[in-house]
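# A structural walkthrough
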Amino acid sequence: MSGSVGPVLTPLCVSAVLQVSISLSKVELSVGESKFFTCTAIGEPVSVDWYSPQGERIVPSQRVLLHREGVRSRLTLYNVNVEDAGIYRCQATDASGQSQEATVVLELKKLTFRDVPSPQEFRQGEEAQVVCDVISSPVPIVSWFHKDQEITPELSDRFQILPSNNLQILRVGKEDEGVYRCEARVEARGEIDFRDITVIVNVPPVISVPQESFNATADYQESVTFTCRAHGSPEPEVSWQRRGRRIEPSDRFVVKAGGSSLTVKSITQEDGGSYTCTARNTAGHAHQDLFLKVFVQPSITVLLNTVLLNVAVEGSAAVISCTAEGDPLPDITWRRASDGRSFREGDRSADGRVEVHGHHGKSTLTVSAVGLLDRGRFDCEALSRIGGHQKSMYLDIEYMPVFVSDPTTYYSWEGNAADRRHGDGGPGNARVHHAEGRSLLEVTPLASSDFGRYNCTARNSIGTRVQEFVLAQADVPSGPSVVRLSSVSQRTATVTFRTPESHGGVPIAHYVVRFRTPGAPHWRDVPSHGVETMVQLAGLEPNSTYEVCVAAVNGKGQGEFSRAESFQTLPIREPSPPLVQGQRGVGKAYRLGLFKQDDGGMPILEYIVKYKMEREERWMTKLVSGLNDFVQLQPLQWNARYEVEITARNIKGLSEPTYYHFTMPQRPDITDSVLSGLGLGAVVALGVAALLLLLVGVDVCCFFLRRCGVLMCITRKLRGKKSATCSKSKELEEGKAAYLSTGSKEPIVEMRTEEERIAHTDDGSPMNEPNETTPLTEPEKLPLKEENGKEALPTVATEIRVRGDGGGGGELLEDRCA
């Protein structure tokens, strides 16, 4: 190609091609991290802009920052969140309007649960939506679990996972409560995370009351307790209202058991009506009305007499009004105290004078033509089914004088004063005594002309009345009739008789019974006790004939004797069988009470008592004086049945026997018998005595076996010597040697303490303390001798005599007691 010449090219002016690049093509971040991207544009760009994943041009903000330097533009993202994930574009534009762009992908590499509250509460029966807001890039897959089982449409048609990943529960119930797990997965990264959510189903309150209606009586310090049990979830709060206002606890209104119990104390009439129990919780509220019916005891509020000052004139009309209150409204009844007659609403007396009308707790009693029968107390009684109330008023009647003297005929005799009621004096031998509402005429008849009729006249403003009295001459009584003899025995007889047909006008004072043997010159008189028509004659002779008559005595004198009646006493005979009553005695004894019957006219000399055990033939006999009223049989056998035959004897002979049977009890336990008969003090004394005997026995054993004890000390003192035990005790107390009190030349016994004995021996050499290998030997036990060589204390024998159950001594003691 040398020597040849090629074409000549002329240079042209061509603009550079626009190019855009980003430093990174893909970035993975976690939520909350920050990142910046650098975009470089080559080729004379006019503008460089950034666009968000949503296609919008990015405008700088507090969290997004844009910065351009020449051909570079930097995008900075702070605190990246889920919305920031996606593709970011950097676009450069030149002057000709051409543009180029580059992209970078921003991905979130961690699951993020944004809104997952726990617990989440719902109301029973509503549509519940359990929230689980989880984000990630790419979008996560969310699953729900309950009770370790995944929730799928096949599990229940009430559960459904919504597009928002929330769990929907239709008609949620208490059984749906529990912990639910919201689990999110990112398949591309194998990432998984979960949140446990507690679901609480709130149940509106439901109220139950065991009793809705209550009854009480006012003003009787009664109390009523309302019970209102509320159930729900959460536990409802219970309150009480009355008449639209909340009841606050007080002394009269006591609220207990978390409000489920309301007690109303000291109920009054105002406490009646409705009480509302209200239960509330977060799911709702409920209420229940309870009713208290308060009964009010009847109470008479008005008792009024229309007659002025409660005084009516005889023959006029009187009206009495009575008003009563109560719940229920009481019925009113009237009662006239003078005759006890009762009147109710609508009643009318037989004579038509008394009528009762009323309504609504008010009653009016009208008495026309009032008389003395109507005077006195009228009772108004208000009565309902829960009680009654009564008030009384007195109706006074102004009436003509009325004589209240029962007898109008009086009897007397000449010289005897007689009382008469009179108003205007009398004859010269009569005196008049006046008192309020009373006049007394005292007449002393001196002749037959003083007997006769006397008139008493009484006047007041209503009218005048006259009462006639008769003063008649009295006479002695007539003789008693029908004289009879009863209960005739050997030495006594009872006379009965009838009262005389005429008492002579003067009351009988007493009777005189006269008796004698036929032909005897003198009668024996026996007065009666007052006006008794029975007199007992005593001191009669057996098998004798007597005649008896009776006369009555009044103030005028003794009347005629009745016709004499004869009777004969019984002859002397054997006594009647005695009456026997048994009683358990002490120990092996049995006590029989003897009750004398008819002695036959002569004293009973003795009782012959024969007794034996059943099925035995030999009788035991016991004689008891006739003055005794009991006999004690002993000794007897335990658990044995006895037959007893008792005969009474007088001078005439023996009575028929009286038979009696009894059974002795089982032998008692002697310990129980003794202790049961002793009091507490005696038992304690026996215990102390037993303890003392035990101590004495131990001391005696020590005396003979160990040559020590209290008895040994006493013995050696009597011998004039100190016992080793006593001397040792004294040396330990005094800390020095003890000498014989007799001044004898016996060697002095030196007593030392334990320390001295160890430190100082007789030969001056130290003395070792005994140890486990030191042999222990007892000193030779020598018999205790007195100076004359005899044994110091002879054995003392104690004799205890126990009295037996049997023997003649018991019978002698019984005879002496008897």
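Values in this document were obtained by computation on a predicted structure and should not be read as measured data.

This next bit is on the overall build of the protein chain. Of the regular secondary structure elements, the protein chain holds six helices and 55 strands. Relative to its 818 residues, the protein chain shows a buried fraction of 35%. Long-range pairs, those at least 24 residues apart, make up 57% of the contacts in the protein chain with a sequence separation of at least 6. Here the protein chain has roughly 50100 Å² of accessible surface; of this, 51% comes from carbon and sulfur atoms.

Moving on: the side chain of Asn 202. Within the secondary structure, Asn 202 is located in strand E18 (residues 191-208). At a separation of 3.2 Å, a polar atom in the side chain of Asn 202 contacts the side chain of Thr 282. Other than its neighbours up to four places away in sequence, Asn 202 contacts Glu 121, Phe 122, Arg 123, Gln 124, Ser 233, Pro 234, Thr 282 and Ala 283.

The description of an aromatic ring pair rests on the distance of the ring centres and on the angle between the ring planes. One pass over the full model with this rule turns up 11 aromatic pairs. Aromatic side chains Tyr 546 and Phe 567 sit 5.7 Å apart centroid to centroid with 25° between the ring planes, which places their arrangement in the stacked category. One end of the pair, Tyr 546, is in strand E47 (residues 545-554); the other, Phe 567, is in strand E48 (residues 565-568), and 21 residues separate them in sequence. Taken together, the aromatic side chains of Phe 214, Phe 226, Trp 240 and Tyr 275 make up a single cluster linked through ring pairs. Sitting over the face of the ring of Phe 630, Arg 591 holds its NZ or CZ atom 3.7 Å from the ring centroid. The cationic tip of Lys 610 hangs over the ring face of Trp 619; the distance from NZ or CZ to the ring centre is 5.5 Å.

Sheet strands line up and pair through hydrogen bonds in the backbone, either parallel or antiparallel. If you walk across this open sheet you meet the three strands as E20-E25-E24, and the pairing is antiparallel. Two strands close off the open sheet at either side, each with one partner strand: strand E20 (224-227) and strand E24 (253-256). Recorded for the sheet is a direction-independent mean angle of 20° between the axes of neighbouring strands. As defined by bridge partners, E20 adjoins strand E25 (residues 261-264) across four bridges and the pair is classed as antiparallel. Bridge pairing in E25 places Phe 226 opposite Leu 262.

A word on the state of the cysteines. Taken as a whole and judged by the stated rule, the model has four disulfides. One disulfide in the model links Cys 132 with Cys 182; its S-S distance is 1.9 Å. One quick way to see it: the torsion about the S-S bond of Cys 132 and Cys 182 is about -85°, and its sign makes the bridge left-handed. One end of the pair, Cys 132, is in the loop between strand E11 (128-130) and strand E12 (133-135); the other, Cys 182, is in strand E17 (residues 178-186), with 50 residues separating them in the sequence. Neither Cys 132 nor Cys 182 differs from the other in exposure class; each is buried. The partner cysteine of Cys 322 in its disulfide is Cys 380, sulfur to sulfur 1.9 Å. On the S-S bond that ties Cys 322 to Cys 380, the torsion sits near -85°, and the link is left-handed. Of this pair, Cys 322 sits in strand E29 (residues 318-327) while Cys 380 sits in strand E34 (residues 376-384), and the two are 58 residues apart along the sequence.

This next bit is on unusual backbone geometry. At the junction of Ser 233 and Pro 234, the peptide bond is cis and its omega measures out at 0° in the coordinates. In this structure, the amide linkage connecting Gln 634 to the following residue, Pro 635, adopts the cis form with an omega of -10°. As for its position among the elements, Pro 635 is in the loop between strand E53 (630-633) and strand E54 (641-649). With a phi close to 65°, Asp 219 is a non-glycine residue in the positive phi region. By the element assignment, Asp 219 lies in the loop between strand E19 (213-217) and E20. Looking at Asp 219, the relative accessible area reads 59%, which means it is exposed.

Across the sheet, three strands lie side by side as E11-E16-E15; this open sheet has antiparallel pairing. Each end of this open sheet is capped by a strand with a single partner; those strands are E11 and strand E15 (159-161). Neighbour-to-neighbour, the strand axes of this sheet turn through a mean angle of 20°, independent of strand direction. In the sheet, E15 pairs with strand E16 (residues 167-169) via three bridges, with the strands oriented antiparallel. Residue Gln 160 lies in a different strand from E16, and its bridge partner there is Gln 168.

Time to look at the nonpolar core. Ile 22, Phe 37, Trp 50, Leu 75, Leu 77, Tyr 88 and Leu 106 are the most contacted members of the largest nonpolar core, which has 25 residues in total. Taken together, the elements giving at least two residues each to this core come down to strand E1 (19-22), strand E2 (26-29), strand E3 (35-42), strand E4 (47-51), strand E6 (72-77), strand E7 (86-93) and strand E8 (99-108). With four residues, the top contributor of residues to this core is E8. Formed by 24 residues, the second largest nonpolar core is a distinct cluster that contains Ala 230, Val 238, Cys 277 and Val 296.

What follows is about the pattern of salt bridges. Here the structure, examined in full by the defined rule, presents 30 salt bridges. Salt-bridge contacts for Asp 271 lead to Arg 252; the nearest nitrogen and oxygen are separated by 2.3 Å. Taken as a pair, Asp 271 in the loop between E25 and strand E26 (273-281) and Arg 252 in the loop between strand E23 (245-246) and E24 lie far apart in primary sequence, 19 residues in all. Residue class for Asp 271 comes out buried when judged on its relative accessible area of 5%. Note that Arg 336 and Asp 374 form a salt bridge whose closest N and O atoms lie 2.7 Å from each other. In this pair, Arg 336 sits in strand E30 (residues 331-336) while Asp 374 sits in the loop between strand E33 (362-367) and E34, placing the two residues 38 residues apart along the sequence. On the basis of relative accessibility, which here comes to 6%, the residue Arg 336 falls in the buried class. One salt-bridge network, held together by shared partners, links Arg 336, Asp 339, Asp 351, Arg 353 and Asp 374.

Another point: a nonpolar patch on the surface. Residues Val 684, Val 688, Leu 691, Leu 692, Leu 694, Leu 695 and Val 698 make up a contiguous nonpolar surface patch of roughly 640 Å² in combined accessible area. Counting through the fold element by element, Val 698 comes out in helix H2 (residues 680-706).

This next bit is on the pairing of strand E39 (residues 438-443). Both strand E38 (residues 430-435) and E39 contribute to a ladder of six bridges, which runs antiparallel. Its bridge partner lying in E39, Arg 431 is registered against Glu 442. Adjacent in sequence and paired antiparallel, E38 and E39 are bridged by two residues, among which Gly 437 carries a positive phi angle near 70°.

Moving on: the environment of Val 402. Counting through the fold element by element, Val 402 comes out in the loop between strand E35 (387-398) and strand E36 (409-412). Residue Val 402 is classed as partly exposed on the basis of its relative accessible area, which comes to 39%. Sequence separation between Val 402 and Arg 459 is 57 residues; the distance between their C-alpha atoms is 9.7 Å.

Attention now moves to the pairing of strand E5 (residues 64-69). It is a general feature of regular strands that their side chains alternate between the two faces of the sheet. Relative to E6, E5 runs antiparallel, the two sharing six bridges. What sits directly across from Glu 69, in E6, is Arg 72. In sequence, E5 turns back onto E6 through a hairpin of two residues, with Gly 70 there showing a positive phi of about 65°.

Confidence along the protein chain averages 80 in pLDDT terms, with 82% of residues attaining 70 or more. Contacts from residues 721-818, a stretch scored under 50 in pLDDT, to residues over four places away or in other chains number 77 contacts.

Before going further, it helps to examine the side chain of Asp 271. Of note is the side chain of Asp 271, whose polar atom sits 2.3 Å from the side chain of Arg 252. Not counting residues up to four positions away in its chain, the partners in contact with Asp 271 are Arg 242, Arg 252, Phe 253, Val 264, Ser 266, Leu 292 and Val 294.

Once that is clear, we can look at the environment of Val 550. Mapped onto the secondary structure, Val 550 falls in strand E47. C-alpha of Val 550 to C-alpha of Arg 563: the two residues are 13 residues apart in sequence and 8.0 Å apart in space. Those residues in contact with Val 550, other than ones at most four positions away along the chain, are Pro 480, Val 483, Val 495, Phe 497, Tyr 511, Val 512, Val 513, Glu 560, Phe 561 and Ser 562.

Reading the values: rules and limits
- Residues numbered from 1 in each chain as written.
- Predicted model: local features only at pLDDT ≥ 70, side-chain atom pairs only at ≥ 80, totals over all residues.
- Heavy atoms only, no water.
- Helix = DSSP H or I, 4+ residues; strand = E, 2+ residues; numbered from the N terminus.
- Buried < 20%, exposed > 50% of the residue type's maximum accessible area, 1.4 Å probe, protein only.
- Contact = heavy atoms within 4.5 Å.
- Areas by Shrake-Rupley, 256 points an atom, 1.4 Å probe, with all protein chains shown as cover.
- Polar contact = N/O pair within 3.5 Å; in protein donor to acceptor, adjacent residues only side chain to side chain.
- Phe/Tyr/Trp six-rings, centres within 6.5 Å; stacked < 30°, edge-to-face > 60°.
- Lys NZ or Arg CZ within 6 Å of the ring centre and 35° of its normal.
- Pairing = 2+ DSSP bridges.
- Axes fitted to C-alpha atoms, helices over the stretch in contact; angles between N-to-C directions.
- Disulfide = S-S within 2.5 Å.
- Core = buried A, V, L, I, M, F, W, Y, C linked by side-chain atoms within 4.5 Å.
- Salt bridge = Lys/Arg side-chain N within 4 Å of Asp/Glu carboxyl O.
- Patch = residues over 30% accessible without salt bridge, like charges linked within 9 Å, V, L, I, M, F, W, Y side chains within 5 Å.
- pLDDT = per-residue confidence, 0-100.

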